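Spelled out from the first residue to the last, the chains are:
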Amino acid sequence: MAIKLKKEHVKKEQATMDERLNAIRAGVLGSNDGILTVVGVLFSVAAATTNNFAIFIAGLADLMACALSMASGEYASVSSQSDSEKVVVAQERDLLKTDFSGQHRSVENFYVDRGVTRTTAQAIADELLSKKPLETMLSTKYDITLGHYMNPWSAAWASLFSAAIGGVFPLAALILSPVRYQFSATIAATVVAVGLTGLLSAKMSNGLVKRAMIRNVMIGLITIGIHYGIGKLF
């Protein structure tokens, strides 16, 4: 009994951790998007005009639009995922009523595939399905914890604030720097900001930190070059 309670506690902690990681992921993506879209607009407009006020208004408008766009996109995406999980719950609830033997075999096979003998797997399935049938089916078939759905509001708010904060880096660098150093300061601020998002994303996914940072910096510099070229062209 103690072992079973401990396992349930671990699964609940894992579900909560998944929700937190989803919010962190949305935050990292939002900040990266905020940085690149704002610096892109700044350089596009700066290439076409030297009016600092016009450049500032364009950058500020893009920062607000990007933050709201990222937030609404995350909310829609995570809401769809949550809705899909709720549909799966309803399907499994119906299958337990209409095809209990099939569900029982599914749980048996789950444990057999993990090295448990068929006899032991049958005993485990009997016990689990007699006590927590729906939770068991969701756990074994989909690795879902009943009642723990991704929170779309957490992802939306994380994306909103991180996109806004990320966009502030290049915008502040351009506006607050002396005119002769505006472009170089903005590029430097962008490099630092996207390098940090690369670091965070690599740490979250246990990836290669150096490669992620270099990749993000290269993407940032390419973004600046493309948008500056578009501003000069038009």
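Further up the page is the structure itself.
As a starting point, this report considers the structure included with it. (Residues numbered from 1 in each chain as written. Predicted model: local features only at pLDDT ≥ 70, side-chain atom pairs only at ≥ 80, totals over all residues. Heavy atoms only, no water.)

Concerning the overall build of the chain
- Each helix and strand in the chain was counted, giving eight helices and zero strands.
- Along the chain direction, N to C, the helices and strands of the chain fall in the order α-α-α-α-α-α-α-α.
- A burial count over the chain gives 37% of its 234 residues as buried.
- A separation of at least 24 residues holds for 74% of the contacts in the chain among residues at least 6 apart in sequence.
- When the accessible surface of the chain is summed, it comes to about 13300 Å², and 65% of that surface belongs to carbon and sulfur atoms. (Helix = DSSP H or I, 4+ residues; strand = E, 2+ residues; numbered from the N terminus. Buried < 20%, exposed > 50% of the residue type's maximum accessible area, 1.4 Å probe, protein only. Contact = heavy atoms within 4.5 Å. Areas by Shrake-Rupley, 256 points an atom, 1.4 Å probe, with all protein chains shown as cover.)

Brief notes about the nonpolar core
- Grouped together as the largest cluster of nonpolar side chains are 10 residues: V88, V89, L96, V107, A125, L129, L134, M137, L138 and I144.
- Secondary-structure elements contributing two or more residues to this core are α2 (52–98), α4 (118–131) and α5 (133–142).
- Residue contacts for L134: discarding those within four places in its chain leaves V89, E92, R93, L96 and L146. (Core = buried A, V, L, I, M, F, W, Y, C linked by side-chain atoms within 4.5 Å.)

Looking at the environment of C66
- Looking at the element boundaries, C66 is found in helix α2.
- Residues C66 and S159 lie 93 residues apart in sequence; the distance between their C-alpha atoms is 9.8 Å.
- Not counting chain neighbours up to four residues away, the residues in contact with C66 comprise D33, G34, T37 and A163.

Topic: a nonpolar patch on the surface
- Nonpolar side chains collect at one region of the surface, where I214, M218, L221, I222, I226, I230, L233 and F234 lie side by side and expose about 860 Å² of accessible area between them.
- The topology assignment puts L221 in helix α8 (residues 209–233). (Patch = residues over 30% accessible without salt bridge, like charges linked within 9 Å, V, L, I, M, F, W, Y side chains within 5 Å. Salt bridge = Lys/Arg side-chain N within 4 Å of Asp/Glu carboxyl O.)

A closer look at the packing of aromatic side chains
- Within the structure shown, the criterion is met by four aromatic pairs.
- When the ring of W157 is compared with that of F161, the centres are 5.7 Å apart and the planes differ by 20°; the resulting orientation is stacked. Of the two residues, W157 and F161 are both situated in helix α6 (residues 152–176); the distance of four residues between them amounts to about one turn of the helix.
- Here the guanidinium or amino end of R114 rests over the ring plane of F110, the centre of that ring lying 3.7 Å away. (Phe/Tyr/Trp six-rings, centres within 6.5 Å; stacked < 30°, edge-to-face > 60°. Lys NZ or Arg CZ within 6 Å of the ring centre and 35° of its normal.)

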